[in-house]
Structures are given as C-alpha cells and as structure tokens.
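Chain by chain, the residues run as shown.
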Amino acid sequence: MPLLWTAMAYRKMLPLLALLGVLLTIPATASASRYRVGIGEQGASMFADPLFTPLHIKRVRYIVPWDWRRVKADKATYTSYLETAHAAHKEVLVHFTASRGCYVNGRYSKAKHCRLPSTRAYQRSFRAFHKAFSFVKVYGAWNEANHKSQPTYKSPKRAAQFYNTLKKNCKHCTVLAADLLDSSNLLSYTKRLRHFLKGHPKLWGLHNYSDVNRKRSRVTGPFLRAVPGKVWLTETGGIVNFKPHFPNSPSRAASRLTYLFKLADRFSRKRKGYKSKITRIYPYEWKVEEPGERFDAALIGPDGQPRKGYSVFKAKAKTRSK
C-alpha cells in the first residue's frame, strides 16, 4: 500500500516538476529585468538598415532644436526622420535642445538665436511642432539641461518651466521632468529644478555615460535615491572613442555595454533606500558617419559593418524591446 501511494503521488507531481524544470532554465536576468530598451539615433537611414530590422526595437529617441522651424533645410530633415519612424511604427521620444551650432569648441555662442528662449517662445514653437507631428506622444523638455552646452545650464528654473509648458500643452503626452547629464552638478541642479516643477512629476531622464564607461554606479545610485518614480536612461552606452579619456576601442565599448545592461538589471526593481527605479534605456548611437569623430559610441561603424557592441546589444535587448 505505501508503495502504491508513492507511485500515484509521484505521477500527480510530474506536471509540477516539469514546470519547475522550465522555470529553472530561464536566465535570472530575464526574470529580474523590468525595463524596456530603445535606441537613440539621429539618422533616418537606420530604419532601412538590414541590421536594425531583426532587433525588433520599438522605441527610438530623437533630438530636435527647440526652434526647429528656423532653418528650412533642417526642418525637412526633422520631418523626414519623424515621418519615417512613424511609418515604421516606432514610438519616438523627442527631446528638445539648443539651436544648432550654438556650442562650438567648448564655448556657447552669444548669437541672438542661441539665447535661452522665453516660455512664451518655447510654447509657441512646441504648439507648432505638436500640430505638425501629432503622432509624437513622448517628450523631454530639454536635452542635458545641466550641461554648459545648453542655455539652461545656469537656469534650472527655466528648464522646469519648459516641462510645465509641455505638460500644460500636451495633457495626454508622456513627459520627462528633466533630462540630465551625470556631471558634478547633477544633484544640485536637480534639487533647484525640482523647486519649480509643477505636479510632483515621477518620470526622469539621465545620461550616465560616466558610470557605465567606468563600470560603477557612483552617480546613477544617488540620482535614483534623489528623485521619485521612474528613471529612463535616455542616453547612455559604451564609448568607442572620446579622447583623451577613452581612446578608440570597440572591444572596451562592448564590455561597457554589457555592464550597462547589468546596471539596468540591478536597478530595474525598487531597492531599499532608493526612491526610483530604471524602467527604460536608450543606448546611443546606431551608426557613426565619419571615421575619427570626436565622440563615438555607435554600434555600427562608418563602413556599415557591425562592431562588437552590436552583438552585445542584439543579445541583451532581445527580451526587453517589446
């Protein structure tokens, strides 16, 4: 009798044991990761690249000058990218930035069109943009607002006002409260900016190149402790070339890209002592156009061939791009 009972019990447990076996074969990172992957890229040719299609990326990030209508030829470029992305069924995160050509050789121009826009001028330009590209529903008010290449560098108040303007004029849009670089002024700038934000926003953007390429979390961690809700790494990745700090090395860039995914895995869940978690990452960039560019973090080289980082990105993003 005991032997018969044991056999019957074992047969009943078989489905449960099979399920347990399946669960044990699932990689730990897949179950732990609660973030989605997109990519930042300024060239519309990416959408027709046969290397891009198998990645099944649904989200892209695109930077547009706040005065996007000022130069007619540039306006045509922005239109081409956005309409191509829309036709390819991609969700586009648009970040506004300084007027083109205002930051050259480490200096910000004093030209009239480079001045920090008023909230009224910004609102007028955004309304025209939203009317022209009504399919865009995800926005960042200003790219790297805390960096000296931007007119918002000394005015976190105005950067906050731009966010308030977007929320007011696009009530059904997703809007990041800020998009900030992991420089030394990150936390102090964030603290001042938050004082002027309306509505207690809970979505933030961070560019954490420094942490990723030095394999640490020295800035990412404190930022996640400081701001509430969710953080998107709206620009990040493994740097191939950025002299003198990062001499040309596709292998190093691939290694740092691997670390980026580990970092995102670690902080994709709310941790004790932290106010926010990482829910999206947008590595930058898809392709570098010219050899020897000062900043290069591309997955595809100027010859159109995939670098080592492409293989890393393809493998890591496979389960996180939906």
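Report follows, based on the coordinates.

Scoring rules and cut-offs
Residues numbered from 1 in each chain as written. Predicted model: local features only at pLDDT ≥ 70, side-chain atom pairs only at ≥ 80, totals over all residues. Heavy atoms only, no water. Helix = DSSP H or I, 4+ residues; strand = E, 2+ residues; numbered from the N terminus. Buried < 20%, exposed > 50% of the residue type's maximum accessible area, 1.4 Å probe, protein only. Contact = heavy atoms within 4.5 Å. Areas by Shrake-Rupley, 256 points an atom, 1.4 Å probe, with all protein chains shown as cover. Pairing = 2+ DSSP bridges. Right-handed = clockwise from strand over helix to strand, strands pointing away. Polar contact = N/O pair within 3.5 Å; in protein donor to acceptor, adjacent residues only side chain to side chain. Patch = residues over 30% accessible without salt bridge, like charges linked within 9 Å, V, L, I, M, F, W, Y side chains within 5 Å. Salt bridge = Lys/Arg side-chain N within 4 Å of Asp/Glu carboxyl O. Lys, Arg positive; Asp, Glu negative; His and termini not counted. Charge placed at Lys NZ, Arg CZ, Asp CG, Glu CD. Axes fitted to C-alpha atoms, helices over the stretch in contact; angles between N-to-C directions. Core = buried A, V, L, I, M, F, W, Y, C linked by side-chain atoms within 4.5 Å. Disulfide = S-S within 2.5 Å. Phe/Tyr/Trp six-rings, centres within 6.5 Å; stacked < 30°, edge-to-face > 60°.

**Concerning the overall build of the chain**
Stage number 1. In terms of helices and strands, the chain carries 10 helices and 12 strands.
Stage number 2. Put simply, the chain has 322 residues, and 50% of those count as buried.
Stage number 3. Taking the contacts inside the chain whose residues are at least 6 apart along the sequence as the reference set, 73% of them involve residues at least 24 apart.
Stage number 4. When the accessible surface of the chain is totalled, it reaches about 16,700 Å², and 56% of it is carbon and sulfur.

**Notes on the pairing of strand β4 (residues 91–97)**
Stage number 1. Where burial is concerned, most of β4 is hidden: 6 out of the 7 residues are buried.
Stage number 2. Pairing of strand β3 (residues 59–65) with β4 involves 7 bridges; the strand directions are parallel. By the bridge assignment, Tyr 62 is partnered in β4 with Val 94.
Stage number 3. With helix α3 (residues 72–87) bridging β3 and the parallel β4, this β-α-β connection has right-handed handedness.
Stage number 4. Two elements, β4 and strand β7 (residues 138–140), share 3 bridges in a ladder whose sense is parallel. Residue pairing across strands places Val 94 opposite Tyr 139, the latter belonging to β7.

**Notes on the environment of Arg 100**
Stage number 1. Counting through the fold element by element, Arg 100 comes out in the loop between β4 and β5 (103–104).
Stage number 2. Classification of Arg 100 by relative accessible area gives exposed; the value is 52%.
Stage number 3. C-alpha separation for the pair Arg 100 and Trp 68, spaced 32 residues apart in sequence, amounts to 9.1 Å.
Stage number 4. Here Arg 100 is in contact with Pro 65, Arg 70, Asp 74, Tyr 78 and His 113, once residues within four sequence places are set aside.
Stage number 5. Within the local environment of Arg 100, its side chain forms a polar contact with the side chain of Asp 74, the two groups lying 3.1 Å apart.

**Describing a positive patch on the surface**
Stage number 1. The grouping of Arg 69, Lys 72, Lys 75, Arg 120 and Arg 124 at the surface amounts to a positive patch.
Stage number 2. Elements that contribute at least two residues to the positive patch include exactly α3 and α4 (119–132).
Stage number 3. Mapped onto the elements, Lys 75 comes out in helix α3.

**Some words on the sheet that holds β3**
Stage number 1. The strand order across the open sheet formed by 5 strands is β2-β3-β4-β7-β8, and the pairing between neighbours is parallel. The sheet is open, and its two borders are formed by β2 (39–40) and β8 (174–176), each paired with just one other strand.
Stage number 2. Relative to the sheet, α4 contacts β3, β4 and β7, its axis offset from that of β4 by approximately 155 degrees.
Stage number 3. This element, helix α5 (residues 156–169), spans β4, β7 and β8 of the sheet and lies at about 175 degrees to β8.

**Observations regarding the side chain of Glu 41**
Stage number 1. Here Glu 41 shows up in the loop between β2 and β3.
Stage number 2. One buried charged side chain, Glu 41, makes no salt bridge at all; its nearest oppositely charged neighbour is Lys 287, positioned 8.4 Å away.
Stage number 3. A distance of 3.0 Å separates a polar atom in the side chain of Glu 41 from the backbone nitrogen of Gly 43.
Stage number 4. Not counting residues up to four positions away in its chain, the partners in contact with Glu 41 are Met 46, Arg 61, Tyr 62, Tyr 81, Tyr 284, Glu 285, Trp 286 and Lys 287.

**Let's talk about the nonpolar core**
Nonpolar side chains tend toward joint burial in soluble globular proteins.
Stage number 1. Phe 96, Tyr 139 and Phe 313 are the most contacted members of the largest nonpolar core, which totals 73 residues.
Stage number 2. Not counting chain neighbours up to four residues away, the residues in contact with Phe 96 comprise Val 64, Pro 65, Trp 66, Tyr 122, Phe 126, Phe 129, Tyr 139, Gly 140, Ala 141, Trp 142, Asn 143 and Leu 166.
Stage number 3. Residues Leu 93, Val 138, Leu 176 and Tyr 282 belong to the second largest nonpolar core, which totals 6 residues.

**Quick look at the state of the cysteines**
Stage number 1. Evaluation of the coordinates by the stated rule reveals 2 disulfides.
Stage number 2. The residue that forms a disulfide with Cys 170 is Cys 173, at a sulfur-sulfur distance of 1.8 Å. Each member of the pair, Cys 170 together with Cys 173, is buried.
Stage number 3. The disulfide pattern of the chain is 1-2, 3-4 when the bonded cysteines are numbered in sequence order.

**Let's talk about the environment of Ser 118**
Stage number 1. Within the element layout of this structure, Ser 118 appears in the loop between β6 (107–108) and α4.
Stage number 2. According to the relative accessible area criterion, Ser 118 is partly exposed, its value standing at 35%.
Stage number 3. Sequence separation between Ser 118 and Gln 161 is 43 residues; the distance between their C-alpha atoms is 9.4 Å.
Stage number 4. A polar side-chain atom of Ser 118 sits 3.1 Å from the main-chain amide nitrogen of Ala 121.

**Description of the packing of aromatic side chains**
Stage number 1. Inspection of the entire model under this criterion finds 24 aromatic pairs.
Stage number 2. Each ring, one from Phe 267 and one from Tyr 274, has its centre 5.5 Å from the other, and the planes form 50 degrees; the classification is tilted. Taken individually, Phe 267 and Tyr 274 each receive the classification buried, so the pair is uniform in this respect.
Stage number 3. Between Trp 286 and Tyr 310, the ring centres sit 6.0 Å apart and the planes meet at 75 degrees, which makes this aromatic pair edge-to-face. Of this pair, Trp 286 sits in the loop between β12 (276–283) and α10 (308–317) while Tyr 310 sits in helix α10; the two residues are 24 residues apart in sequence, bridging distant segments of the chain.
Stage number 4. Among the residues examined, Tyr 310 registers a relative accessible area of 6% and is labelled buried.
Stage number 5. Three or more aromatic residues joined by ring pairs make a cluster, and in this case those are Trp 68, Phe 96, Tyr 122, Phe 126, Phe 129, Phe 133, Phe 135, Tyr 139, Trp 142 and Phe 162.

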